[in-house]
Amino acid sequence: MGKTYERIDGRLRTFIESQPVFFTATAPLAGDGHVNLSPKGRSGTLAVLDELTLAYLDFGGSHAETLAHLRENGRITLMWCAFTGPPTVVRVHGRGEAVFRDDPRFGELLAHFDPSADGAGLRAVVLVRAERVSDSCGFAVPLMDYQGDRGLHAQYFERKDDEEFRAYCAGKEYVGSSIDGLPALPLPLPPRTP
């Protein structure tokens, strides 16, 4: 039987921090807009900052739908599934904000992550303030073995210096604006400051 929680602590925090993958869901306000659901991985790229605040690192890749939806309306849901151990699904419904590379908070937020998690291709830190925290049974979630992170994403972006990464972002479709035409990643992407 599912429960709601006042905060992310104890067992919930341990569960969230031990999962190798989580999912983000966002949507535009327009009824005919595209709902977005994205898997997130790469070890060390999620941090529980306090009992109601989480953050994750947003890297370059396909599109920037999540960033666009957060800029428009801030609604976001994060979800974790237990693929091993007791069957559990945890959801955090909340308000999110993309903290971009030129924001004074960017460096402060990066300090919450293992330095090895910060890497080439980092576009933003997504900050999420929980409004509802709940769990439910994961009886229908399959049991699967975690073999490790895929290194392809990091390896691809490590071949680009920051100027090349900024050019990559500027030339990629649905990065400066979403599929629905909403502002997404601010371009030109500000350079990384040391």
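Calculation criteria
- Residues numbered from 1 in each chain as written.
- Predicted model: local features only at pLDDT ≥ 70, side-chain atom pairs only at ≥ 80, totals over all residues.
- Heavy atoms only, no water.
- Phe/Tyr/Trp six-rings, centres within 6.5 Å; stacked < 30°, edge-to-face > 60°.
- Core = buried A, V, L, I, M, F, W, Y, C linked by side-chain atoms within 4.5 Å.
- Buried < 20%, exposed > 50% of the residue type's maximum accessible area, 1.4 Å probe, protein only.
- Helix = DSSP H or I, 4+ residues; strand = E, 2+ residues; numbered from the N terminus.
- Contact = heavy atoms within 4.5 Å.

Describing the packing of aromatic side chains
Link 1 in the chain: According to the stated counting rule, one finds seven aromatic pairs in the structure shown.
Link 2 in the chain: One aromatic cluster in this structure is built from Y156, F157, F165 and Y168.

So, the nonpolar core
Link 1 in the chain: Core analysis: the largest hydrophobic core is formed by 35 residues, its most contacted members being I8, I16, L54, L67, L78, W80 and V92.
Link 2 in the chain: For this core, the secondary-structure elements that each account for two or more residues are α1 (10–18), β5 (53–59), α2 (65–72), β6 (75–81), β7 (88–100), β8 (122–137) and α5 (162–171).
Link 3 in the chain: Element by element, the count of residues in this core is highest for β8, at five residues.
Link 4 in the chain: Setting aside its immediate chain neighbours within four residues, V92 contacts I8, L54, I76, T77, L78, W80, A130, R132 and V133.
Link 5 in the chain: Within the second largest apolar cluster, 13 residues are counted, among which are L110, F113, L122 and V125.

Notes on α2
Link 1 in the chain: Counting buried positions along α2 gives six out of eight residues, so the element sits mostly inside the fold.
Link 2 in the chain: Along α2, the residues that are buried comprise E65, T66, L67, A68, H69 and L70.
Link 3 in the chain: The first or second residue beyond α2 is G74, which carries a positive phi of 80°.

Some remarks on the side chain of T45
Link 1 in the chain: Tracing the backbone through its elements, the reader meets T45 in the loop between β3 (36–40) and β4 (46–50).
Link 2 in the chain: Among the residues examined, T45 registers a relative accessible area of 4% and is labelled buried.

Remember that the coordinates give geometry; whether it matters functionally is a separate question.
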